[in-house]
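Report on the structure
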Amino acid sequence: MALLFAAGGCATDNPKAAAQRTERDKLMWDYRKAATAMRQGNFDEARALLDDAVTTLNAVRTADSGTRKARSLFGREEQKTFLGEPYERVMAFYYRGILYWMQGEPDNARACYRSAAVIDGDPEKKYGSDYVLLDYLDGYVTAKLGGDGSEAHARAEKNSAQKPLPPYDKSANVVVFGEFGRGPTKFAAGRYGEQLKFLPGNSIIHSVRVTVEGQQLALKPLDDLYFQATTRGGRVMDHILGNKAVFKSTTDAAGNAAIIAGSALIAGGSGSRGAADEVGLGLLLAGLVSKVASSAATPEADTRQWYNLPQYLTFTALRMPPGPHTGTVEFLNATGQVVPNLNKQLNFTVYPDRDTVIFFSDQNQ
Amino acid sequence: MIMKLPSLSNLTLCSALALTGFGCATSGVKNPSGTPVTEMKADERGFVAGTGIESQDMLAVTEKMARGILSIPQIAHAATPPRIALEPVKNETRFPINKDIFLTRIRVQLYSKAAGRVVFLDREQMQALERERELKRTGQVTASSDPSVQEFKGADFLLTGKLQGMTTKAAAGTSDYVLYTFRLTDNRTSEIVWEDQAEIKKQGLEDAVYR
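Residues numbered from 1 in each chain as written. Chains lettered and ligands numbered in written order. Predicted model: local features only at pLDDT ≥ 70, side-chain atom pairs only at ≥ 80, totals over all residues.

Within chain B one finds five helices and six strands. Going from N to C terminus, chain B has its helices and strands arranged as α-α-α-β-β-α-β-α-β-β-β. A separation threshold of at least 6 residues defines the contact pool for chain B, and within that pool the share at least 24 residues apart is 64%. (Helix = DSSP H or I, 4+ residues; strand = E, 2+ residues; numbered from the N terminus. Contact = placed C-beta atoms within 7 Å.)

Printed below as a string of structure tokens:
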């Protein structure tokens with residue numbers, strides 16, 4: 001037990017290990033803080049955090065000590081620097097895109113949606129990006145900037161459960177991004193926790209009603225992050241973890257067999273120090289070594305996560321005259337009833353020369 | 001004897017835990033002191049790299065564009081230095097960028113190399129300039145010339161740029177091609193008097209743990 005305490009204490013008591021953990025988890029904390037900042041309207045803070053994240057994600061991360069440990073039989077996947085699974089990386093770009101649009105840089109917003117779409121696609125499994133909003137917004141910005149967004153609109157509509165998607169209103173000057181529910185939760189499944197799985201998100205909210213000075217808009221979910229987390233196919237890392245699990249299982253079984261055989265031989269030798277005893281001892285030692293190797297193998301999947309993501313994303317655009325405006329956001333349950341205590345008041349100013357961006361969430365953190 | 005095996009197995013497990021536990025506390029941390037700040041030239045590829053738009057690309061592109069602009073007859077042989085206004089670069093790639101940085105660098109390059117052969121108009125500061133002029137007109141601050149005379153200059157040329165990209169993602173990695181085009185338009189005639197391009201392609205493959 002003393003040994004176990006010693007082992008358990010090392011992560012926190014060893015300042016070097018703690019510093020390493022802080023560094024490799026940095027992006028996870030940035031993500032979480034950025035989502036909270038977005039919901040609290042602290043857009044400058046969110047911008048700084050997401051700039052950091054987007055810069056990190058745009059680098060091509062090759063082997064380092066963390067990735068080598070994550071790949072090795074005796075290292076844990078969580079020893080790699082956290083970047084998140086594709087659905088998490090996509091959301092970093094998605095939020096940053098909203099902020100670029102807010103700053104009056106829709107082309108940089110589109111760049112974020114395009115990068116996110118590249119992250120979501122996986123050519124190894126022949127999956128293309130299937131986020132509705134990434135394509136829809138790519139096309140919308142393109143149309144607003146005088147280009148042809150029809151191809152992106154068609155891609156979005158193909159993947160959308162809501163058909164038809166609204167045509168692009170190039171004269172709309174207020175764009176509204178909404179989100180609701182709590183996103184998927186990672187957990188480790190399998191005999192050794194080597195399989196990364198997701199619990200569905202949950203949301204009592206099924207749609208949203210936005211009312212702005214007489215205009216009433218019904219917004220339904222356009223993207224579901226649980227669907228996105230679970231439909232991209234397996235990871236290369238899953239194969240690595242699977243191999244680690246096979247190693248762990250095989251060495252454990254081999255260790256058991258060697259210990260049983262060795263013990264039986266020693267017992268049969270009656271302590272006469274004959275050949276049977278020596279072979280038995282050898283098998284016993286080999287079995288112990290095999291068991292130690294098995295115990296040291298760490299196939300557990302990395303379940304660090306951006307835990308405060310929403311389940312659903314939605315979007316709309318409307319035309320408003322320049323100047324200050326007010327409105328309300330109501331969150332509706334499955335039967336279309338307003339869920340009390342979640343209503344949001346909107347106070348915003350429409351700019352004369354660029355789009356005004358509104359962001360709302362049913363979450364506060 | 002067989003009945004004793006579970007205790008042997010537990011012992012082994014405890015040994016393994018002890019080994020892994022002590023290993024964690026005593027194993028050497030790779031690069032524990034971090035990497036000291038390394039000063040690099042802006043046109044060098046750093047040890048942190050992506051397939052997107054980076055400083056070395058911007059330097060290569062802006063230097064090429066500045067050289068091109070200086071070589072055209074409308075600039076090289078102009079009787080009076082032509083006035084150029086800058087328009088923000090249009091970004092059609094998948095990489096969010098600081099759009100002003102390209103034109104800022106081209107402007108600085110031209111000023112440093114053109115020796116007064118071109119003049120740029122500071123349209124970014126128009127609001128502040130108008131405010132200052134208004135203060136002069138209302139007598140709230142002194143003026144060295146008659147503030148009621150319109151002295152803000154019009155541009156002879158407009159410099160614009162566009163970044164376009166193409167991405168390929170395959171099992172072998174991600175490849176990004178970026179085309180940079182810049183052009184100079186005569187404001188009076190709408191003729192494009194100069195246009196040039198630069199293209200950069202990069203590819204890379206992430207470590208398997210991120211795929």
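This next bit is on the sheet that holds strand β8 (residues 323-332) of chain A. Residues and elements named next belong to chain A. If you trace the four strands from one edge of the open sheet to the other, you get β5-β4-β8-β9, paired in antiparallel fashion. The open sheet has two free edges, formed respectively by β5 (215-219) and β9 (344-350), since each of these has just one partner strand. Within the sheet, the average angular offset between the axes of one strand and its neighbour, ignoring direction, is 25 degrees. The pairing of strand β4 (residues 207-212) with β5 spans five bridges and is classified as antiparallel. Among the inter-strand pairings, Val-210 is bridged to a residue of β5, identified as Leu-217. (Pairing = 2+ DSSP bridges. Axes fitted to C-alpha atoms, helices over the stretch in contact; angles between N-to-C directions.)

Right, let's get into the sheet that holds strand β7 (residues 312-318) of chain A. All names here are of chain A. Pairing in this open sheet of four strands is mixed, and the strands run β6-β7-β1-β10 from one edge to the other. Looking along the sheet, the strands with just one partner apiece sit at the ends: β6 (223-224) and β10 (356-361). Where strand β1 (residues 174-180) lies against β10, six bridges are found, and the strand directions are parallel. Pairing of Gly-178 across the sheet is with Phe-360, part of β10. Contacts between helix α6 (residues 86-102) and the sheet are confined to β1 and β10, with β10 contributing the most and set at about 145 degrees to the helix.

Residue and element names in this part refer to chain B. For chain B, per-residue confidence averages 79 on the pLDDT scale, and residues scoring 70 or more make up 79% of the total. A low-confidence stretch, residues 1-29 stays under pLDDT 50, and its non-local contacts, those more than four residues away or across chains, total 43 contacts. In the predicted assembly, ipTM is 0.81 and pTM is 0.84. (pLDDT = per-residue confidence, 0-100.)

Bringing the packing of helix α2 (residues 55-71) of chain B against helix α4 (residues 100-114) of chain B into the picture now. Residues and elements named next belong to chain B. Where α2 contacts α4, the axes come no closer than 9 Å and their chain directions differ by 50 degrees. When the interaxial angle is binned, α2 and α4 end up oblique. Both α2 and α4 take part in a crossing whose hand is right-handed. Counted together, Met-58, Thr-62, Glu-63, Met-65, Ala-66, Ile-69 and Leu-70 of α2 and Ile-101, Phe-102, Arg-105, Ile-106, Gln-109, Leu-110, Lys-113 and Ala-114 of α4 form the full contact between these two elements. By residue class, the composition of the contact of α2 with α4 is 10 nonpolar, two polar and three charged. (Parallel < 35°, antiparallel > 145°, perpendicular 65-115°, else oblique. Left-handed = near helix turned anticlockwise from the far one by under 90°. Nonpolar A, V, L, I, M, F, W, Y, C, P; charged D, E, K, R; others polar.)

The subject of this paragraph is the nonpolar core. Core analysis: the biggest nonpolar cluster contains 102 residues, and Ala-34, Leu-50, Ala-53, Ala-92, Tyr-95, Ala-116 and Leu-133 of chain A have the highest contact counts within it. Those residues within four positions of Ala-34 of chain A in sequence are excluded, and the remaining contacts are Ala-46, Leu-49, Leu-50, Ala-53 and Tyr-95 of chain A. (Core = buried A, V, L, I, M, F, W, Y, C linked by C-beta atoms within 7 Å. Buried ≥ 20, exposed ≤ 12 C-beta atoms within 10 Å, placed from the backbone.)

Residues and elements named next belong to chain A. Viewed as axis vectors pointing N to C, helix α8 (residues 132-144) and helix α9 (residues 150-159) meet at an angle of 160 degrees, and their least axial separation amounts to 8 Å. Relative to α9, α8 is oriented roughly antiparallel. With respect to the hand of their crossing, α8 and α9 are arranged in left-handed fashion. For the pair formed by α8 and α9, the contact residues are Val-132, Asp-135, Tyr-136, Asp-138, Gly-139 and Thr-142 on the first element and Ser-150, Ala-152, His-153, Arg-155, Ala-156 and Asn-159 on the second. Residues of the contact of α8 with α9, tallied by class, amount to four nonpolar, five polar and three charged.

For the rest of this paragraph, the subject is unusual backbone geometry. Following Lys-163 of chain A, the chain continues into Pro-164 of chain A via a peptide bond in cis, with omega recorded as -10 degrees. Its location among the elements puts Pro-164 of chain A in the loop between α9 and β1. You will see that Glu-213 of chain A, though not glycine, has its phi angle at about 40 degrees, which is positive. Counting through the fold element by element, Glu-213 of chain A comes out in the loop between β4 and β5. Of the residues examined, Glu-213 of chain A has 9 C-beta atoms within 10 Å and is grouped as exposed. Of note in this structure, Ser-190 of chain B is not a glycine but carries a positive phi near 65 degrees. Mapped onto the fold, Ser-190 of chain B is located in the loop between β5 (173-186) and β6 (192-204).

Moving on to the pairing of β8 of chain A. Across a regular strand the side chains alternate sides, sitting on one face of the sheet and then on the other. All names here are of chain A. Pairing analysis gives six bridges linking β4 to β8, with the strands arranged antiparallel. Looking at β8, one finds that Val-208 is bridged to Phe-331. Pairing between β8 and β9: seven bridges, direction antiparallel. Residue pairing for β9: Gly-323 is matched across the bridge by Val-350.

Further remarks concern α8 of chain A. All names here are of chain A. If you check α8, its first and last C-alpha atoms are 18 Å apart, about what 13 residues at 1.5 Å a residue would give, namely 18 Å. A large share of α8 lies buried, amounting to 12 of its 13 residues. Buried within α8 we find Val-132, Leu-133, Leu-134, Asp-135, Tyr-136, Leu-137, Asp-138, Gly-139, Tyr-140, Val-141, Thr-142 and Lys-144. Remark: Gly-146 follows α8 within two positions and exhibits a positive phi of approximately 95 degrees. (Expected span 1.5 Å × (residues − 1).)

Once that is clear, we can look at the pairing of β5 of chain B. Residues and elements named next belong to chain B. As paired strands, strand β4 (residues 157-170) and β5 are joined by 14 bridges and run antiparallel to one another. The partner of Leu-158 across the bridge, within β5, is Thr-185. What sits between the antiparallel neighbours β4 and β5 is a turn of two residues. Looking at chain direction, β5 and β6 are connected through 12 bridges and run antiparallel. When the sheet's bridge partners are listed, Arg-183 is paired in β6 with Glu-195. What sits between β5 and β6 in their antiparallel hairpin is a turn of five residues, with Ser-190 showing a positive phi close to 65 degrees.

Mapped onto the elements of the fold, Ala-253 of chain A is located in helix α11 (residues 236-269). Along the backbone, Ala-253 of chain A and Gln-103 of chain A are 150 residues apart, and their C-alpha atoms lie at a distance of 60 Å.

Turning next to the environment of Gly-66 of chain A. Residue and element names in this part refer to chain A. Within the element layout of this structure, Gly-66 appears in helix α5 (residues 65-71). Gly-66 gets classed as buried once you count the C-beta atoms within 10 Å, which come to 21. As a C-alpha pair, Gly-66 and Phe-359 span 293 residues in sequence and 36 Å in three-dimensional space. The residues contacting Gly-66, other than those within four sequence positions of it, are Arg-24, Gln-79, Lys-80 and Thr-81.

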